[in-house]
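What follows is each chain in one-letter form.
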Amino acid sequence: MQAVNKHPISEARETLSQPADLYELEQGVQTRTFRHMDQLYPTRPVLRGAKVYPLHAAAAIAPRYEAEGQTHDADAFMQRNDVTGLLVLKGDQIVLEKYAQGNDEHTRWTSFSVAKSLSATLIAAALQDGAIASLQDMVVKYVPELAGSGYDGVTVEQVLNMCSGVRWDETYRNTQSDRRAMFSAQLSLKRGSILQVLRNLPRLHAPGTVFNYSTGESFLQAEIVRAATGMSASDYLSQKIWQPLGMEQDAYWQLDADNGMEIASSGFCAVLRDYGRFGRFIANGGVIDGQQVLPAGWVNGITQLPEDSILRNVKPYAGPHALSYQHQWWLFPQGEHTIPGHAGAFSAIGVFGQYLYINRAADVVAVLWSSAPAPEMPAYEKEIVAFLAAAVGATGL
């Protein structure tokens, strides 16, 4: 099913921002906008199936954590950090679920860069299907429009690990950055305009030698999926995961144009519990009803980095913890630098405070929606990490 969702899924008509103002919003408008992105941008639905993956309500946990010399509970955590949705799963049990600022269980909240991890999962599914022969395939095999550009000679895996060597400035609120050039191309609603931005970027380093966080690089995942499978990212996600896993609601994905390409690096929108179900899919090793949807070992491999890897300690902004990166997931510190409560944990992270947190050792998945006042908030991040550790502890390891 390739048709665009021309009629917004959201029926509410709240006062929203203008499409071009996404990174510069007052908080009230920002929160309303983040839950109605389909009213601002073209989208494509990700259709659910007939069955629903059951998540059972269990006794609620009461995590408490320390910040600024005081102890705080979950409600205080949400208020202090502008959290608008909070879900903690222990196995398939809901042990904490809260909403704020007008959100509820029907809200489809935007992912920002959490979508990067989801898109990379589609690359893995296409690899398992044989539609992608190898992660060592060249990107231009699937995106020939990039032949002769800085991406010529770059592998699919180097794109997944953001080490193409191609120049990229990710600064969200600098109108001259490459990220904002990509956003302007998106706003033009001209199919291929984002690819043109990427085609014009110079290569600064040999592929595979330097990590550089790039939303543009992640956009290529949708192009690769479509070329490899013959399906849009939305339709492939629906076929491989959303329907067979048993999501409870349709999701939707922003496009670069009417009937265009998914913004694979951002713009995915779903209800809170379905983000949690996707987290359970990953925690379970990419298996649905006994069928290996992702390559065996793919999920285990996310956290396996050599000590000398260029992907270690690469977090791109000033935060309290040195996170590593692999296949579009952020890895919590390992070894002697492990944060208590987070051993082996990894997370999809989006600006303005979006998290999909997976702790397989503790059998915990957590989802946070937030409406932080700035794209990067190190102070909020510090509390989020502390709260998540408290939540893991409260579930009982």
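Right above here is the structure, for reference.
Quick caveat: nothing in here was measured; it's all calculated off a predicted structure.

Novice: Could you give an account of helix α10 (residues 272-283), with specific residues and numbers?
Specialist: Between the first and last C-alpha of α10 there are 17 Å, a value that for twelve residues agrees with the 16 Å anticipated at 1.5 Å per step. In terms of burial, α10 is largely enclosed, as eleven of its twelve residues are buried. Listing the buried residues of α10 in full gives Leu272, Asp274, Tyr275, Gly276, Arg277, Phe278, Gly279, Arg280, Phe281, Ile282 and Ala283. Gly285 lies just past α10 and shows a positive phi near 85°.

Novice: Residues and numbers for unusual backbone geometry, please.
Specialist: A positive phi angle, near 55°, is found at Asp82, a position not held by glycine. For Asp289, which is not glycine, the phi torsion reads 50° and is therefore positive. Mapped onto the secondary structure, Asp289 falls in the loop between β10 (287-288) and β11 (291-292).

Novice: Tell me about the packing of helix α3 (residues 114-129) against helix α9 (residues 233-245), residues and numbers included.
Specialist: Interhelical geometry of α3 versus α9 gives an angle of 65° and a closest axis separation of 10 Å. Here α9 runs roughly perpendicular to α3, going by the angle between their axes. In the packing of α3 onto α9, the handedness of the crossing is left-handed. Across from Leu118, Thr121, Leu122, Ala125, Ala126 and Asp129 in α3, the residues of α9 making contact are Ala233, Tyr236, Leu237, Lys240 and Ile241. Residue composition of the contact of α3 with α9, grouped by class: eight nonpolar, one polar and two charged.

Novice: Before we move on, could you go through the pattern of salt bridges and cite the residues and values that matter?
Specialist: Taken as a whole and assessed by the stated rule, the structure comprises 19 salt bridges. Ionic pairing is found between Glu248 and Arg277, a salt bridge with its closest N-O pair at 2.8 Å. Taken as a pair, Glu248 in the loop between α9 and β8 (251-254) and Arg277 in helix α10 lie far apart in primary sequence, 29 residues in all. Like Arg277, Glu248 is buried.

Novice: Give a description of the sheet that holds strand β1 (residues 43-46) that names residues and reports values.
Specialist: Taken in spatial order, the four strands of this open sheet run β1-β8-β9-β7, and their pairing is antiparallel. Because the sheet does not close on itself, it has two edges, and the strands there are β1 and β7 (109-110). Where β8 lies against strand β9 (residues 268-270), two bridges are found, and the strand directions are antiparallel. Bridged to Trp253 within β9 is Phe268. Sheet contacts for α3: β8 and β9; angle to β8, the most-contacted strand, approximately 100°.

Novice: Which residues make up α9, and what values go with them?
Specialist: Its axis deflected by about 45° at Gln239, α9 carries its strongest bend there. With respect to burial, α9 is a largely interior element, ten of its 13 residues being buried. Within α9, the full set of buried residues consists of Ala233, Ser234, Asp235, Tyr236, Leu237, Ser238, Lys240, Ile241, Trp242 and Leu245.

Novice: Run through the packing of α9 against α10, naming residues and quoting values.
Specialist: How two helices sit against one another is set out by the angle between their axes and by the gap between those axes. Two elements in contact, α9 and α10, have axes whose closest approach is 11 Å; the angle formed by their N-to-C orientations is 110°. What the angle tells us is that α9 and α10 run roughly perpendicular. Residues Ile241, Trp242 and Leu245 of α9 form the contact with α10, whose own contacting residues are Asp274, Arg277, Phe278 and Phe281. Among the residues forming the contact of α9 with α10, the class breakdown is five nonpolar, no polar and two charged.

Novice: Describe the packing of aromatic side chains, and please don't skip the residues or the numbers.
Specialist: In total, this model carries 24 aromatic pairs according to the counting rule given. Ring plane angle 80° and centroid distance 5.4 Å describe the contact between Trp242 and Phe268, whose orientation is recorded as edge-to-face. Residue Trp242 is located in helix α9, and its partner Phe268 is located in strand β9; the two are separated by 26 residues in the primary sequence. Comparing Trp242 with Phe268 shows no difference in burial state: the two are buried.

Novice: An account of the side chain of Thr31 is requested, with residue identities and associated values reported.
Specialist: With respect to the helices and strands, Thr31 occurs in helix α1 (residues 27-34). Classification of Thr31 by relative accessible area gives buried; the value is 3%. A polar atom in the side chain of Thr31 sits 2.9 Å from the side chain of Ser371. Sequence-distant contacts of Thr31, defined by excluding residues within four places in its chain, comprise Thr84, Gln101, Trp109 and Ser371.

Novice: Hey, could you go over the pairing of strand β6 (residues 93-99) for me, with residue numbers and the actual values?
Specialist: Across a regular strand the side chains alternate sides, sitting on one face of the sheet and then on the other. Note: strand β2 (residues 56-57) against β6, two bridges, orientation parallel. Bridge assignment links His56 to a residue of β6, and that residue is Gln93. As judged from the six bridges shared by strand β5 (residues 83-90) and β6, these two strands associate in the antiparallel manner. Counterpart to Leu87 in the pairing with β6 is Glu97. In this antiparallel pair of consecutive strands, β5 and β6, the connection spans two residues, and Gly91 shows a positive phi of 60°.

Here is what the cut-offs are and how they apply
- Residues numbered from 1 in each chain as written.
- Predicted model: local features only at pLDDT ≥ 70, side-chain atom pairs only at ≥ 80, totals over all residues.
- Heavy atoms only, no water.
- Helix = DSSP H or I, 4+ residues; strand = E, 2+ residues; numbered from the N terminus.
- Expected span 1.5 Å × (residues − 1).
- Buried < 20%, exposed > 50% of the residue type's maximum accessible area, 1.4 Å probe, protein only.
- Axes fitted to C-alpha atoms, helices over the stretch in contact; angles between N-to-C directions.
- Parallel < 35°, antiparallel > 145°, perpendicular 65-115°, else oblique.
- Left-handed = near helix turned anticlockwise from the far one by under 90°.
- Contact = heavy atoms within 4.5 Å.
- Nonpolar A, V, L, I, M, F, W, Y, C, P; charged D, E, K, R; others polar.
- Salt bridge = Lys/Arg side-chain N within 4 Å of Asp/Glu carboxyl O.
- Pairing = 2+ DSSP bridges.
- Bend = angle between axes of the 7 residues up to and from the residue.
- Phe/Tyr/Trp six-rings, centres within 6.5 Å; stacked < 30°, edge-to-face > 60°.
- Polar contact = N/O pair within 3.5 Å; in protein donor to acceptor, adjacent residues only side chain to side chain.

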